[in-house]
Amino acid sequence: MSCRMIDREDSPCHLCSQTSTWRRRKRATPPNCPSSSRCSGYTYTNTYTPGGGPCCCIRAECLSNEELEDVAEDEEDPPTWLYMTVWIASVAVYLNGLAGDFVHDDISAIKTNPDVLGTNHVSRVFFNDYWGKPMADPSSHKSYRPFTILTFRWNHSLFGLHPLGFHVVNVLLHSCACLLLTRVLLRLFNLSHGTVLSAGLIFATHPIHTEAVTGLVGRADVLAAITFLTAILTYQRAIEANVSHVRQDSLKVPKGRNCGPVEAISGNGTAEWEMEDWSNGGSSSSSEGGGGGGGGKGKRRPRTYGMGGCYECVAKEMAAATTPPCLVCVHYYSPTEESCCCSEVPGGNGLFRSEGDARAREQDCWKTAYQNESDLAHEKCDKTQEPSEEVAGDEEERQQQCPGEDEIEDRDEEKDWIKDEQLWVGLTGLVAAVGTLCKELAITSLAVCAAWDAICHRKHLKKIFQKHPPDKISEAILRRMVWLCIMGCIILTFRLWMLQGSSPTFSEQDNPAAYASSLLTRTLTFLYLPAFNTWLLLCPWRLSHDWQLGSIPLITSPTDVRNVASVAFYVVLLGMLSRGCIVKGEMSRVTLLSVAMVVLSFLPATNLFFTVGFVVAERILYIPSLGWSILVSIGANRCGRYRAPFLLLLLILFSCRTLLRNRDWESRATLFRAGLQILPNNAKMHYNFANLQKDLGNPALAKHHYREAIKLWPGHPSAHNNLGTLLNDTDEAEAHFRLALKTHPQHARAYYNLASIRQQQGNRDEAVSLLEESLRHDATNKDAVWALAGLYREAGRKTDAENLHLMLLGARPSDPVVHNNYAAFLHTIGRGDAALRHYELALDLDPRHTVALINTAKLMRTLQLDAQAELLYKRALAISWEAEVGESLGKLYLNTGRLEDAGDILSTVIRQNPEMLSSRVYLARVKLQQRNYLESEILLQDVLDQEPGHKEALFQLSVLYTQTNRTSQAFLVATHAAQGCLAPAALCAHLHAHYGDLLKDRQEIERAMESYATAVRLEPSLTHAYINLGALYHTKGEYSLARENYLKARSLDPNNSLLQENMEKLQRLQNLQHSSSSSSSSQTHHCLGNS
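Residues numbered from 1 in each chain as written. Predicted model: local features only at pLDDT ≥ 70, side-chain atom pairs only at ≥ 80, totals over all residues. Heavy atoms only, no water.

Within the chain one finds 48 helices and 7 strands. Here the chain, with 1091 residues, has 54% of them falling under the buried criterion. Excluding contacts between residues fewer than 6 apart, the proportion of contacts in the chain whose partners are at least 24 apart in sequence is 65%. Element-wise, carbon and sulfur atoms account for 56% of the exposed surface of the chain, whose accessible area totals about 48300 Å². (Helix = DSSP H or I, 4+ residues; strand = E, 2+ residues; numbered from the N terminus. Buried < 20%, exposed > 50% of the residue type's maximum accessible area, 1.4 Å probe, protein only. Contact = heavy atoms within 4.5 Å. Areas by Shrake-Rupley, 256 points an atom, 1.4 Å probe, with all protein chains shown as cover.)

The geometry of an aromatic ring pair is captured by two quantities: the separation of the ring centres and the angle between the planes. In this structure the tally under the stated criterion is 16 aromatic pairs. For the ring pair F102 and F166, a centre distance of 5.5 Å and an interplane angle of 70 degrees mean the geometry is edge-to-face. Pair noted here: F102 is in the loop between α2 (80-92) and α3 (105-111) and F166 is in helix α6 (residues 163-188), with a separation of 64 residues, a long-range link. Here F102 matches F166 in class, with each residue buried. Relative to F152, the ring of Y130 lies with its centre 6.4 Å away and its plane at 35 degrees, an arrangement referred to as tilted. On the criterion of sequence distance, the pair formed by Y130 in the loop between α4 (114-117) and α5 (146-159) and F152 in helix α5 is long-range, its members being 22 residues apart. (Phe/Tyr/Trp six-rings, centres within 6.5 Å; stacked < 30°, edge-to-face > 60°.)

Quick look at the nonpolar core now. Proteins that are soluble and globular tend to have nonpolar side chains buried together. Grouped together as the largest cluster of nonpolar side chains are 127 residues, with contacts concentrated most on Y706 and L771. Ranked by the residues each element gives to this core, the list is headed by helix α44 (residues 985-1001), at 8 residues. When residues no more than four places from it in sequence are discounted, the contact partners of Y706 are Y687, A690, N691, K694, A719, N722, L723 and L726. With 109 residues, the next largest nonpolar core counts L98, L173, F526 and L679 among its residues. (Core = buried A, V, L, I, M, F, W, Y, C linked by side-chain atoms within 4.5 Å.)

Glancing now at the packing of helix α24 (residues 643-664) against helix α25 (residues 668-678). Taken N-terminus to C-terminus, the directions of α24 and α25 make an angle of 120 degrees; their axes are 7 Å apart at the nearest point. Facing R661, R663 and D664 of α24, the residues of α25 in contact are T670, L671 and A674. Here the contact of α24 with α25 is composed, by residue class, of 2 nonpolar, 1 polar and 3 charged. (Axes fitted to C-alpha atoms, helices over the stretch in contact; angles between N-to-C directions. Nonpolar A, V, L, I, M, F, W, Y, C, P; charged D, E, K, R; others polar.)

Turning next to the environment of H849. Along the chain, the position of H849 falls in the loop between α35 (832-845) and α36 (850-862). Between the C-alpha atoms of H849 and V817, which are 32 residues apart in sequence, the distance is 8.3 Å. Setting aside residues up to four positions removed in sequence, H849 forms contacts with P816, V817 and L843. Side-chain polar atoms of H849 contact the backbone nitrogen of A852, separated by 3.1 Å. (Polar contact = N/O pair within 3.5 Å; in protein donor to acceptor, adjacent residues only side chain to side chain.)

Relative to the assigned elements, F506 resides in the loop between α19 (472-497) and α20 (519-538). Classification of F506 as buried rests on a relative accessible area of 18%. For F506 and F614, which are 108 residues apart along the polypeptide, the C-alpha to C-alpha distance reads 9.0 Å. Other than its neighbours up to four places away in sequence, F506 contacts H141, Y515, T611, V612 and G613.

With their axes 9 Å apart at the nearest point, helix α33 (residues 798-811) and helix α34 (residues 816-828) run at an angle of 165 degrees to one another. Judged on the interaxial angle alone, α34 and α33 are roughly antiparallel. The two elements α33 and α34 meet at a crossing, and its hand is left-handed. Of the residues in α34, those in contact with K798, A801, E802, H805, L806, L808 and L809 of α33 are V818, H819, N821, Y822, F825 and L826. Residue composition of the contact of α33 with α34, by class: 8 nonpolar, 3 polar and 2 charged. (Parallel < 35°, antiparallel > 145°, perpendicular 65-115°, else oblique. Left-handed = near helix turned anticlockwise from the far one by under 90°.)

Glancing now at helix α42 (residues 951-963). What sets the pattern is the α-helix's 3.6 residues per turn: residues three or four places apart point alike. Over its 13 residues, α42 extends 19 Å from the first C-alpha to the last, a length consistent with the 18 Å expected when each residue adds 1.5 Å. The element α42 is extensively covered by neighbouring structure, given that 10 of its 13 residues are classed as buried. Looking at the buried positions of α42, the neighbouring elements they touch are α40 (917-929), α41 (933-946), α43 (967-978) and α44. Positive backbone phi, at 60 degrees, marks N965, one or two positions downstream of α42. (Expected span 1.5 Å × (residues − 1).)

Chemically, a disulfide is nothing more than a covalent bond linking the sulfur atoms of two cysteines. Scanning all chains against the criterion turns up 1 disulfide. Here C981 is linked by a disulfide to C988, with a sulfur-sulfur distance of 1.9 Å. Residues C981 and C988 are joined by a disulfide whose S-S torsion is about -80 degrees; by sign, that bridge is left-handed. Across the pair, exposure class does not vary: C981 and C988 are buried alike. (Disulfide = S-S within 2.5 Å.)

Scanning the entire structure with this criterion turns up 40 salt bridges. With a shortest N-O distance of 3.1 Å, R661 and D664 are connected by a salt bridge. A residue pair is termed a helical-turn pair when its members lie 3 or 4 positions apart in one helix, as R661 and D664 do in helix α24 at 3 residues. Of the residues examined, D664 reaches a relative accessible area of 18% and is grouped as buried. Because the salt bridges share partners, they merge into one network encompassing E421, D453, R479 and R480. (Salt bridge = Lys/Arg side-chain N within 4 Å of Asp/Glu carboxyl O.)

Moving on, we come to a nonpolar patch on the surface. Together, M84, W87, I88, L164, V168 and L172 make up an exposed nonpolar region whose accessible area comes to about 510 Å². Secondary-structure elements contributing two or more residues to the nonpolar patch are α2 and α6. The topology assignment puts V168 in helix α6. (Patch = residues over 30% accessible without salt bridge, like charges linked within 9 Å, V, L, I, M, F, W, Y side chains within 5 Å.)

Overall, the predicted model of the chain reaches an average pLDDT of 76, with 75% of residues at or above 70. Between residues 1077-1087, whose pLDDT stays under 50, and residues either more than four places distant or in other chains, the model counts 6 contacts. (pLDDT = per-residue confidence, 0-100.)

Time to look at unusual backbone geometry. That bond from A983 to P984 is cis: its omega, -5 degrees, falls within 30 degrees of zero. Turning to its location among the elements, P984 is positioned in the loop between α43 and α44. Notably, Q1003 is not glycine yet its phi reads approximately 65 degrees, a positive angle. Position of Q1003 relative to the elements: it lies in the loop between α44 and α45 (1005-1018). The exposure class of Q1003 is exposed, given its relative accessible area of 56%.

Next up, the structure:
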C-alpha cells in the first residue's frame, strides 16, 4: 500500500512525544469497517511506546471519500496544469485593460518623467525620486524606487510612449506574482491542489489589484510582491540547509549489524510509504522533492520502506540496556537481501527506508536517544562489535576509541552547511534590498521570513526562552534571525540616508487624520483604517483611485458606530493568531504565515512608525492580499460540500468586478467620472475632474467642479489657484490666489499667477518680487524662471536674466525644456549662435521635442536658412500634426514666395481647425499676393465678423483696399486698427508704418511722423519706417535728424538703393547749405524717395 505521513496528534509517546500517523492512499474497503458504504481507505497510526518487548500499536481509522480524493491528488506529478490555470486567469481578467491610456499618476511618473523618457542620464535614476525630482530637493516626494523607473525606461526604449507596451509588462508581472504565490504554497505546505489553486485564482482575479496592474505606476507594488515572495522561497532554502544537516548528523547509526528478514505487517512483503517533512513546514529537502514543487507535492521517486520489527537487534539492545528508550530504524530494507543494516527499536517496530529525504519525524527521537556527544561518538566508533554493558558504561574508553579524523570531518561538514545556510540568508537579504528599490514595502519580507522561521521552530524557540542549553537547530535559528536583523538595518539605513536630510512633506489634504488636533481622533481613526482596508479586501465593490479629502470622515467620538468594526477586526485577528499558536499541525502553520504576510506587510501603511501621504491606497493592499487569499482558500475548506460552489461564485464575482474596474482606468475621463460616482463627497475627485475639463477646453464645467471642491474643502489651495486662472474678473482671481497662499504659504504657482496679474497691470516691480518669491519655494519652476528672466531683460538686467537660466540649467541639465527656454532667451538678446547650440542640445536630449523644433526653425528663418527651417517644421508635423506648426510652415512658404505651397497647407489647417482665425488671415495674404482680391477680402471679412477687433485682419484689409485704390476705406480701417495698438509689437509696428504711409499720402506730415516714430519704437529693426521718417525730416529741413534715421536704416539694410539715393541727396543739400545762405529745402521736396 502506498501511503504518506500526515500531521496529527494521535497518542504521542510520553517519553519522546513521537506519533507517526499514516494515511492509506489506495481505495479499498477495510474489513469489518462499521461504515463501509462511506469509507474508502484506512488511516494507520503507528505509535511507539516504551518498555517491554516488541510491540506494534496500530489503529485503523476510516477515511471519507472527500478525504481520500484529497489524498489521491497528492499522487500526481508536478502540477503543470495548476500553474497554467493560475497564469491564464491572471492574464485573462486584465486583457480589456491593455487599451488604457496614461492616467492620473502615470502622467507625472512616466509620460513627463525625464528619467523614463531618457532625457536624464541613466545614473540620475539613482539620485531622483519616483517622479523625477532630485531626492535632495525639499519638495521631493522622497519615494525612492530606481529599479521600477529602470523598467519604465526600458519599456520606453522598446515601445516609446505607447501605453500598450507598459500595460503588457504590468500584466505579465502580475501573472509572475500569481505563479510565485502558487509556488510558495506548494513549496512550504502540504496542501491539496484544490486549496492551492483556489488561493492562486483568488489572488489573480481580486479587483483590488486593478490599481496596481491596470494603473501603470502600480508596477512598483507588483515588483515588490515578486521580490517579497522570492525572498520567502530563498529563505526556505536556508532553513532546509540547516535541517538537512541536522538529520544527516542525527541519523548516523552503527553499521555491520546482521538482522534477520523482517516481516511486514501485511504479512506479504514490504509496504510503500512517504513521509511528510514537519521541520520546515512540510517541504522536502531531497533533490527530487525540492525541485519539483515542494511541500510533498514535487516530483519524487517512489521509495520502498519496510514496516515491521527487527527482533534480533531489539533483543540484543534490550539486553545491553544502553540504548535510548525510543529509536527508529532508518536504513533500507530490501526483501531480496538476507540482511539489513538498521538501528535498534526497543519496544516498537522498525521503520526502514531507502533515502534520507524527509526524516524530520526521526530527528527528535534520535536527539532524545543520544543524550550527549559521547553517546554519538560511541555509536559511530562501534561499527563491528555488538554493544555491551562494559562499553556502554565506560565513557572515557569510548572517546579514546574514536578516531580524530571523524571529528575533523564532522567539523568540516558543519562549516560547509553553515556556509550554505549563510549563502541563502544573504541571498534573501539581497532580494529584499532589490525589492526595497522597487518599493519600500518589500523590506517587510525580512520580517515575514523571521516569522516563518519562528512558526516552523516554535518548540526550539520555546526552549530558548526557557534558557535550555541550545542545540544545533536553536543555534541556527538565532544565527539566521541575527542576520535578518543586520540586513534589515543596512537596508533601512541606506533608505534613510537617501532622504538627503529631509523628510517628505505632506499636507492635511493628503492625510487628514495625521493632522487632527485631537489625540483621540487620531487614535480612533488610525485604528479604524486597517478594518476599512480589510473590508475592501472582503467586498471590493466600492473602489476608488483616491481616498483623500472627506472620503473617510474622521472618528471623533468613542460612540461612533465604526468603532464596532474596529473592535471586531482586532478580536478576529487576535483569535486567528491565538488559534494558530495553540493548535498544532499544517493548518496552524498556514494560518500563522498568512496572518504574518497580511499584518507585517501592511504595518508601514498604518501611520504607526511614520506619517504616510494617503488615507487609503488600494495598490498598497497588493502584498497583504497574498496572505488574505490564502486565508480565504483554507477557510473555504470548512464549507464542506459547499466549498466548490462558494469558490466558483467568488471567482466569478471577482473576475467580473475586475473587468468592469479595468474600464474605469481607460482614460482620465473614465477614471475621474468613476471616482465621482463612488465618492461624490471627495473634494479631490472634483478637483481632478475640474483639471480634466480645463484641459479639454470646458472652462464653465471646470469652474463648477473647482467651486464644488472648495465647498467640500474650503482650504484646498490648488483648487483656489486653478479656479483663479479661469476667472475673467481680475479682482476675484486675485482673491482666490490670496486664499491659496493663506492655506499654503509655499504655493509657488499662486505667487506666479499673482505676478502675472501685476505684470498685466503694469506693476513690474511687484511682479518681479512675486516671481522671486515663487522661485524661492520652487527654484525649478520653468514658467517662473522664464517670466522673471523676461522682466529682467526688459529692465536691462540681462546678466541677472541669464544667471536665472543658468541656475535652472545647473539644476536640470538634462531637461530639454530648460535648454529650449535658455536658447529662446539667447535668441531674443541677439546671440543666435549660442541659441542654436542650446536648441541642438535640447533636440539631442529629446528629438521629438516639438517646441524646440519650431523655435529652431524660427531661428533658422532669421539666419536666412529657409531650407533647414522647412525641414524642422516638417519634422515637427511628422511627430504630431498641430495647427500652429502647420501655420508656421505656411508662413514660411508665404514669406519665401512659395504661394501655392502656402495656400495648400494653410487650407489644410483651416479645414482641420476652422477656429484658427490667424490661418485665415495668412491665407488671405496669399490670395492678396496672387491678386485674388475677392477671395482675400471674403476671408478677412469672415475673420472680422467673428472678431471685429482682430488687428492683423484689419491691417491686411487696409492693405487690400490700398492696392485696389480704395484709399478712403483703407484709411478708415487703418485708423481703427492703429488706435491703441501696442502689442504684439511686430504686428503693431508694421501697422503703424502702414498708417504713416497713408497719412503721408494725405499730407498729414506730423501725424505721419508720429506713426513712424511709434513703429520704430515698437520694432527697432523696421527699415521701412526709418527711411520714411528720415525722408520727412529731410523735407522739413531737419537734416541732422534725417541723417540719424538714414544711418539707422543703413545699419539694418546697407544695400537699400533708395536709402543710398536719399542719403546722396541729403549730402548734396548739406554741402550747398554751407556754400549758399539760401534755403533749397522747398526745391528738393518732390525729389525725395519714400520706402
